[in-house]
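Remarks on the overall topology
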Number of protein chains: 2
Amino acid sequence: MIIPGSLPGHAAHPKGLRPSRGRFAALTPEVTMQLIHTCYRIGDIDRSVAFYEALGFEEVGRMDIRDEAVNVFMGLPGDGARLELTYNHGVDSYELGTGYNHIAVTVEDLDGTLARLAEKDIAPEKPPYSIREGGSRLCFVRDPDGYRIELIETKH
Amino acid sequence: MIIPGSLPGHAAHPKGLRPSRGRFAALTPEVTMQLIHTCYRIGDIDRSVAFYEALGFEEVGRMDIRDEAVNVFMGLPGDGARLELTYNHGVDSYELGTGYNHIAVTVEDLDGTLARLAEKDIAPEKPPYSIREGGSRLCFVRDPDGYRIELIETKH
């Protein structure tokens, strides 16, 4: 649970999408609602923090939930604490199910990121590819609990 | 897969957290990586779009994945297309498992939001509460597939 101290001023503009019912939101001078973080449960704090740090995240803070759990907040520099990792004391694994899919992270240099991850023995599910001709290069990696992260390259 | 057209200029500042290892990130003039969206699979597009619209989201776009699936991008006004909902043709439900927890959304007026949701027969898991004295009021609702959304009130 994190309240942002400031608000991004602009909407992200989708790329390669067909607009739905002419609903592109006009930019508003003030954003009154935000999707501030995504939370999933992890089986070990240290291994998750090490993984997300290798990916470029920083640990922003920890919050004890009584003596039951610890919430670890991770964020990319300047991007806010957008990832909340919940460790429940004594629980070292979870059923991932089939519903949750991934978080997506933009990277400037996908090959460089993958090289950095390879040093930590983290490999992508398959080599980088593009969905369509001229589209962004992307690939997926899995965190220590098996949650997928989509890496999308922003350079062209 | 959405590439933001612009970048938020500031990190979200955590509130009520103990800092980890003095790692509060300095604000950077340019953000090079971002967590841009969270993706989960849904069993019916219309009912999910109706739910997230009741919550204040707007549909930003749809993308066909060959003839296999449709990705529906939803966003809060001015906040970017931070939610990707994947509908796989012919699949109407998923195992949610125990790993994924929730997304968190800030709202200015939690009671007003809950009243608006009540008109659509959407009730919170339990009435709003605060984690600690003077902390933000919050509650959880579930979307039509059962994914949890934390609503955190920003007014004081």
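Residues numbered from 1 in each chain as written. Chains lettered and ligands numbered in written order. Predicted model: local features only at pLDDT ≥ 70, side-chain atom pairs only at ≥ 80, totals over all residues. Heavy atoms only, no water.

1. Examining the overall build of chain A
To be explicit about the condition: Counting from the N terminus, the helices are DSSP H or I runs at least four residues long and the strands are E runs at least two residues long. Any residue under 20% of the maximum accessible area for its type is buried, any over 50% is exposed, and the rest in between are partly exposed; the area is computed with a 1.4 Å probe on protein chains only. Here a residue-residue contact requires only that any non-hydrogen atoms of the pair lie within 4.5 Å. Only the protein chains shown count as cover for residues, with accessible areas throughout obtained via the Shrake-Rupley method and a probe of 1.4 Å.
Across its full length, chain A holds two helices and nine strands. Across the 156 residues in chain A, those meeting the buried criterion constitute 54%. Taking all contacts inside chain A whose residues are at least 6 apart in sequence as the whole, residues at least 24 apart take part in 52%. With the model as given, the accessible surface of chain A reaches about 6800 Å², and the carbon-plus-sulfur share is 49%.

2. Some thoughts on helix α2 (residues 110–118) of chain A
Residues and elements named next belong to chain A. Here is the rule: By definition, the arc is the one covered by directions from the helix axis to the C-beta atoms. Polar contact is the term for a pair of N or O atoms within 3.5 Å; when the atoms are in protein, one must be able to donate a hydrogen and the other to accept it, and sequence-neighboring residues count only if both atoms are side-chain atoms.
For α2, the complete set of buried residues consists of Leu 110, Thr 113, Leu 114 and Leu 117. One side of α2 carries all its buried residues, which in axial view fall inside an arc of 95°. Contacts made by the buried residues of α2 are with α1 (45–55), β6 (100–107), β8 (137–142) and β9 (148–153). Its side-chain oxygen at 3.4 Å from the backbone nitrogen of Asp 111, Asp 109 defines the N-terminal cap of α2.

3. Some thoughts on the pattern of salt bridges
Residues and elements named next belong to chain A. Selection rule: Definition used for salt bridges: Asp or Glu carboxyl oxygen within 4 Å of a side-chain nitrogen of Lys or Arg.
Applying the stated criterion across every chain yields a total of 16 salt bridges over all chains. Where Glu 153 meets Arg 137, a salt bridge forms, and the shortest distance between an N and an O atom there is 3.1 Å. Remark: Arg 137 occurs in strand β8 and Glu 153 occurs in strand β9; sequence separation between them is 16 residues.

4. Focus on the confidence of the model for chain A
All names here are of chain A. Here is the rule: A residue's pLDDT is simply how confident the predictor is in it, with values from 0 to 100.
Taken over all residues, the pLDDT of chain A has a mean of 84, while the share at 70 or more is 79%. The spread of mean pLDDT over the elements of chain A runs between strand β1 (residues 18–19), the lowest at 43, and strand β5 (residues 83–88), the highest at 98. Scored below 50 in pLDDT, residues 1–29 makes 95 contacts in the model with residues more than four places away or belonging to other chains. Scored as a whole, the predicted complex attains pTM 0.82, and scored at its interfaces, ipTM 0.81.

5. Here's the deal with unusual backbone geometry
Across the chain, the bulk of peptide bonds are trans and the bulk of non-glycine residues have phi less than zero. Residue and element names in this part refer to chain A. Unlike most non-glycine residues, Arg 66 shows phi in positive territory, near 45°. Judged by relative accessible area, which is 60%, Arg 66 ranks as exposed. Phi at Asp 121 is positive, roughly 65°, even though this residue is not glycine. Among the structural elements, Asp 121 can be located in the loop between α2 and β7 (129–130).

6. Here we look at the environment of B:Ile152
Residues and elements named next belong to chain B. By the secondary structure assignment, Ile 152 is in strand β9 (residues 148–153). Judged by relative accessible area, Ile 152 falls into the buried class, the value being 0%. Residues Ile 152 and Met 63, spaced 89 residues apart in sequence, show a C-alpha to C-alpha distance of 30 Å.

7. Some details on the packing of aromatic side chains
For clarity, the cut-off: Centres within 6.5 Å make a pair out of two Phe, Tyr or Trp rings, where for Trp the six-membered ring is used; the pair is then stacked when the planes are under 30 degrees apart, edge-to-face when over 60, and tilted otherwise. A ring has a charge above it when a Lys NZ or an Arg CZ is no more than 6 Å from the ring centre and no more than 35 degrees off the ring normal.
In total, this model carries 11 aromatic pairs over all chains according to the counting rule given. Ring geometry for A:Tyr52 against A:Phe57: centres 5.4 Å apart, planes inclined by 85°, an arrangement best described as edge-to-face. Residue A:Tyr52 shares its accessibility class with A:Phe57, and that shared class is buried. Three or more aromatic residues joined by ring pairs make a cluster, and in this case those are A:Tyr40, A:Tyr100, A:Tyr147, B:Tyr40, B:Tyr100 and B:Tyr147. Stacked on the ring of A:Phe140, the Lys or Arg A:Arg148 has its end atom at 4.0 Å from the ring centre.

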